[in-house]
Amino acid sequence: MQSEKIILGIDPGTAIMGFGLISVKNNKMELISIHELILKKYPNHETKLKVIFDKTLALIDEFHPDEVALEAPFFGKNVQSMLKLGRAQGVAMAASLHRNIPICEYSPKKVKMAITGNGNASKEQVAGMLKNLFNLKELPLKSLDASDGLAVAVCHHFNSGNISTGKSYSGWDAFLKQNPERKK
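As a starting point, this report considers the structure included with it.

Reading the values: rules and limits
- Residues numbered from 1 in each chain as written.
- Predicted model: local features only at pLDDT ≥ 70, side-chain atom pairs only at ≥ 80, totals over all residues.
- Heavy atoms only, no water.
- Helix = DSSP H or I, 4+ residues; strand = E, 2+ residues; numbered from the N terminus.
- Contact = heavy atoms within 4.5 Å.
- Core = buried A, V, L, I, M, F, W, Y, C linked by side-chain atoms within 4.5 Å.
- Buried < 20%, exposed > 50% of the residue type's maximum accessible area, 1.4 Å probe, protein only.
- Polar contact = N/O pair within 3.5 Å; in protein donor to acceptor, adjacent residues only side chain to side chain.
- Expected span 1.5 Å × (residues − 1).
- Arc of directions from axis to C-beta.

### Some details on the side chain of S96
Mapped onto the elements, S96 comes out in helix α2 (residues 79–98). Ignoring anything within four residues of it in the chain, the contact list for S96 reads T56, I60, V68, I101 and I103.

Right, dumping it as structure tokens:
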């Protein structure tokens, strides 16, 4: 009996949200879709968050992923950027949890390590390895944000069955149980 799992990988952002979908049958990956959501054109942060939420729901409703994997925000020097990135990730998480899709998050280093074997690899190296993994002459998009979203999905597949690789939530109750400090 063949089992199929669809994984949606998201690289959240407030300028560009990259995403990739893969299908895994008997441990063999196939590319379903890779794309990006351009958010620069929207007038304010609140509108961008709504668009992220709506797009994530639309992807879930169209492709019916079994799991969603997200890249966790990295710690930078600009606190405002971190806050905006965290909100973008939170909105994508909320949309996934709204549809009762289990989520898992991975640090950028973990994603790079899973794809290239080097946690300090460049975005170009990650994209190049993804081309090889999926036997593509070129990735459908030139955007490295889109390939980052695909990389998160592949990282999740490579780490399936290893729960200690990242934070994983099966729903709101599980999220609140693992994050009691977020409950007010």
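### Section: the nonpolar core
Core analysis: the biggest nonpolar cluster contains 23 residues, and I22, L130 and V154 have the highest contact counts within it. Elements with a contribution of two residues or more to this core: β2 (16–25), β3 (28–38), β5 (103–106), α3 (108–116), α4 (123–133) and α5 (144–158). In terms of residue count, α5 provides more of this core than any other element does, seven residues in total. Beyond its immediate chain neighbours, meaning those up to four positions away, I22 contacts K5, I6, I7, M29, E30, I32, F134, L150, A153, V154 and H157. One finds L49, V51, I52 and I101 within the second-largest nonpolar core, a separate group that totals 22 residues.

### Considerations on the environment of A127
Locating A127 in the fold gives a position in helix α4. On the basis of relative accessibility, which here comes to 10%, the residue A127 falls in the buried class. As for A127 and L144, which are separated by 17 residues in sequence, their C-alpha atoms are 7.0 Å apart. Leaving out residues up to four positions away in the same chain, A127 has contacts with L139, L144 and S147.

### Details of the side chain of S23
Here S23 lies in strand β2. A distance of 2.7 Å separates a polar atom in the side chain of S23 from a polar atom in the side chain of E4. Sequence-distant contacts of S23, defined by excluding residues within four places in its chain, comprise E4, K5, I6, K28, M29, E30 and I32.

### Quick word on α2
Look at α2: 28 Å from first C-alpha to last across 20 residues, which is about the 28 Å you get at 1.5 Å a residue. Inspection of α2 places M82, L85, A88, Q89, V91, A92, M93, A94, A95, S96 and L97 among the buried residues, and these make up the whole buried set. For α2, the N-terminal cap is N78; the gap from its side-chain oxygen to the backbone nitrogen of Q80 is 3.0 Å. Trailing α2 by a residue or two, N100 shows a phi angle of about 60°, which is positive.

### So, α4
By the burial criterion, the buried members of α4 are V126, A127 and L130. One side of α4 holds all its buried residues, which, seen down the axis, span an arc of 100°. Within α4, the exposed residues directed more than 90 degrees away from the buried face are E124 and N132. In the core, the buried residues of α4 are packed alongside α3 and α5. Positive phi shows up at N135, right after α4, with a value of about 55°.

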